[in-house]
Amino acid sequence: MALTNRPRTIRGYSTAAGTGALAALLLVGVGGSPMYAGWVHDHTDPDGAGGWFLRLLAWPAWRLHSDDPAQSVLAADLRAILLVILAAALLYLLPAAQVARVAGSASQFFSGWAAYALAGGFTALVAALFEPGGSLLAAFQSASTGVSYGFFAGWVIGLASLGGRA
């Protein structure tokens with residue numbers, strides 16, 4: 001076996017879209033967890049840049065239950081689930097034609113970053129319509145928060161996308 005040939009035991013692993021989707025799942029699973037969201041709320045300063053960023057990472061917060069009937073568990077969980085699904089779909093759709101020629105290129109990084117920013121905005125837009133009393137204005141405002149989250153957290157997905165082949 002030549003040194004340049006890598007053994008591929010399981011097809012589909014180590015693709016740019018696969019590693020990016022796994023990173024999105026981990027980012028939403030850890031950053032959106034009730035334990036992280038509670039810690040961030042209690043231990044960070046919302047007026048500082050670090051506190052703002054850590055609170056932004058908790059944006060796709062998911063809950064298992066809610067004591068307040070006015071809060072919609074469905075909308076929050078839908079936001080977290082839809083973010084992972086849309087990020088994975090966009091990671092598979094966006095870079096396929098351009099990145100296939102040059103593996104490990106900067107376009108993989110930017111495609112992963114852009115896919116996560118688009119997924120964050122679209123997810124927030126759709127999930128806001130399912131919230132109680134959701135209006136179009138609230139959906140647009142929520143979409144801006146989702147795009148901000150995708151922009152500031154998407155570099156993690158972009159770096160993960162560099163790890164695989166197109």
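Everything that follows concerns the structure shown earlier in this document.
The paragraphs below set out a description of the structure included in this document. (Residues numbered from 1 in each chain as written. Predicted model: local features only at pLDDT ≥ 70, side-chain atom pairs only at ≥ 80, totals over all residues. Heavy atoms only, no water.)

### Concerning the overall build of the chain
Thought 1: Scanning the chain from N- to C-terminus turns up seven helices and zero strands.
Thought 2: Ordering the α and β elements of the chain from the N terminus gives α-α-α-α-α-α-α.
Thought 3: The buried share among the 166 residues of the chain stands at 39%.
Thought 4: Considering only intrachain contacts with a sequence separation of at least 6, the fraction spanning at least 24 residues in the chain is 71%.
Thought 5: Accessible surface, the chain: about 9,600 Å² in total, of which carbon and sulfur atoms supply 70%. (Helix = DSSP H or I, 4+ residues; strand = E, 2+ residues; numbered from the N terminus. Buried < 20%, exposed > 50% of the residue type's maximum accessible area, 1.4 Å probe, protein only. Contact = heavy atoms within 4.5 Å. Areas by Shrake-Rupley, 256 points an atom, 1.4 Å probe, with all protein chains shown as cover.)

### Brief notes about the nonpolar core
Thought 1: With 27 residues, the main nonpolar core has Val28, Leu83, Tyr116, Tyr149 and Ile157 as its most contacted residues.
Thought 2: In terms of residue count, the dominant contributor to this core is helix α4 (residues 73-93) (eight residues).
Thought 3: Every residue in contact with Tyr116, bar those within four places of it in the chain, is listed here: Ala24, Leu27, Val28, Leu83, Ala87, Tyr149, Gly150, Ala153, Gly154 and Ile157. (Core = buried A, V, L, I, M, F, W, Y, C linked by side-chain atoms within 4.5 Å.)

### A closer look at a nonpolar patch on the surface
Thought 1: Taken together, the side chains of Leu129, Phe130, Leu136 and Phe140 present a nonpolar region at the surface, about 440 Å² in accessible area.
Thought 2: Mapped onto the elements, Phe140 comes out in helix α7 (residues 136-161). (Patch = residues over 30% accessible without salt bridge, like charges linked within 9 Å, V, L, I, M, F, W, Y side chains within 5 Å. Salt bridge = Lys/Arg side-chain N within 4 Å of Asp/Glu carboxyl O.)

### Remarks on the packing of helix α1 (residues 16-31) against α7
Thought 1: In contact at an axis separation of 8 Å, α1 and α7 are set at 135 degrees when each is read in the N-to-C sense. Classified by the angle their axes make, α1 and α7 are oblique. Crossing handedness for the pair α1 and α7: right-handed. Facing Ala16, Thr19, Gly20, Ala23, Ala24, Leu27 and Val28 of α1, the residues of α7 in contact are Tyr149, Ala153, Ile157, Ala160 and Ser161.
Thought 2: Counted by class, the contact of α1 with α7 contains nine nonpolar, three polar and no charged residues. (Axes fitted to C-alpha atoms, helices over the stretch in contact; angles between N-to-C directions. Parallel < 35°, antiparallel > 145°, perpendicular 65-115°, else oblique. Left-handed = near helix turned anticlockwise from the far one by under 90°. Nonpolar A, V, L, I, M, F, W, Y, C, P; charged D, E, K, R; others polar.)

### A few points about the side chain of Arg79
Thought 1: Along the chain, Arg79 turns up in helix α4.
Thought 2: Look past the residues within four positions of Arg79 in its chain and what remains in contact with it is Trp59, Pro60, Ala61, Thr123 and Ala127.

These figures come from the coordinates and say nothing about function on their own.
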